[in-house]
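What follows is each chain in one-letter form.
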Amino acid sequence: YRYTYTIKYSHENNLNDIFRPVTIGVSEFSFEIFDRWGHKVYTGNDVEKGWDGTLKGKKCKQDVYVWKISFLNEVSRKFEIKTGHVLLLTDSGEY
């Protein structure tokens with residue numbers, strides 16, 4: 001499966017400001033975001049936290065980013081990897 005999501009920055013309404021997978025029954029969780037050149041812009045291991053569209057405290061530019069999650073499926077006891085794309089839209093309209 002391929003998954004695609006959009007995250008839009010808006011300081012006016014605080015909606016869709018964090019991109020994170022919704023998980024149930026997983027352990028050994030890892031979440032990574034990469035820019036189009038393969039540079040890692042986010043990594044996390046907490047299923048409750050996600051990417052806020054920043055790198056080192058600065059907004060990332062509006063672009064398409066690749067995400068990857070890896071985890072142990074607690075039901076099947078198999079290690080799984082899922083990937084997809086996320087479109088980051090910013091207030092500034094920078095490209």
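Keep in mind that this is a model prediction, so the values were computed, not measured.

**A few points about the pairing of strand 3 (residues 40-44)**
The side chains of a regular strand alternate, residue by residue, between the two faces of the sheet.
At step 1: Alignment of strand 2 (residues 26-34) against strand 3, held across 4 bridges, turns out to be antiparallel. Looking at strand 3, one finds that I33 is bridged to Y42.
At step 2: The loop that links strand 2 with its antiparallel partner strand 3 comprises 5 residues; one of these, G38, has a positive phi angle of about 90°.

**Notes on the packing of aromatic side chains**
At step 1: For the coordinates displayed, the defined rule picks out 4 aromatic pairs.
At step 2: With centroids separated by 5.7 Å and ring planes inclined at 55°, the aromatic side chains of F19 and F31 adopt a geometry described as tilted. Note that F19 is positioned in the loop between strand 1 (3-8) and strand 2 and F31 in strand 2, a separation of 12 residues in sequence. Taken as a pair, F19 and F31 share a single burial class, namely buried.
At step 3: In textbook terms, an aromatic cluster arises when at least three aromatic residues are bridged by ring pairs, as seen for F19, F31, Y42 and W67.
At step 4: For the cation-ring pair, R36 lies above W37, with the distance from its terminal atom to the ring centre recorded as 5.9 Å.

**Overview of the pattern of salt bridges**
At step 1: Per the stated rule, a full pass over the model turns up 5 salt bridges.
At step 2: For E32, the salt bridge goes to K40, with nearest N and O atoms at 2.8 Å.
At step 3: Judged by its relative accessible area of 43%, K40 is partly exposed.
At step 4: Between K82 and E80 there is a salt bridge; the shortest N-O distance is 3.7 Å.
At step 5: It is possible to trace a salt-bridge network through shared partners that takes in E32, K40 and K68.

**Notes on the pairing of strand 6 (residues 63-73)**
At step 1: Summarising burial for strand 6: 8 of the 11 residues are buried, a large majority.
At step 2: Summarising the sheet, strand 6 and strand 7 (residues 78-89) pair through 11 bridges and their orientation is antiparallel. Across the sheet, N73 pairs through a bridge with K78, a residue of strand 7.
At step 3: The hairpin turn running from strand 6 into strand 7, its antiparallel successor, is 4 residues long, and R77 in that turn takes a positive phi close to 60°.

**A few points about the environment of K68**
At step 1: Mapping K68 onto the fold places it in strand 6.
At step 2: Looking at K68, the relative accessible area reads 29%, which means it is partly exposed.

**Re the side chain of D35**
At step 1: By secondary structure assignment, the location of D35 is in the loop between strand 2 and strand 3.
At step 2: Polar contacts involving the side chain of D35 include one to the main-chain amide nitrogen of W37, which spans 2.9 Å.
At step 3: Not counting the four nearest positions on each side in its chain, D35 is found in contact with V41 and Y65.

**Side note on the confidence of the model for the protein**
At step 1: Chain-level pLDDT for the protein is 82 on average; 78% of the residues reach the 70-or-more range.
At step 2: Per-element confidence in the protein ranges from a low mean pLDDT of 53 for strand 1 to a high of 96 for strand 3.

About the cut-offs
- Residues numbered from 1 in each chain as written.
- Predicted model: local features only at pLDDT ≥ 70, side-chain atom pairs only at ≥ 80, totals over all residues.
- Heavy atoms only, no water.
- Pairing = 2+ DSSP bridges.
- Helix = DSSP H or I, 4+ residues; strand = E, 2+ residues; numbered from the N terminus.
- Phe/Tyr/Trp six-rings, centres within 6.5 Å; stacked < 30°, edge-to-face > 60°.
- Buried < 20%, exposed > 50% of the residue type's maximum accessible area, 1.4 Å probe, protein only.
- Lys NZ or Arg CZ within 6 Å of the ring centre and 35° of its normal.
- Salt bridge = Lys/Arg side-chain N within 4 Å of Asp/Glu carboxyl O.
- Polar contact = N/O pair within 3.5 Å; in protein donor to acceptor, adjacent residues only side chain to side chain.
- Contact = heavy atoms within 4.5 Å.
- pLDDT = per-residue confidence, 0-100.

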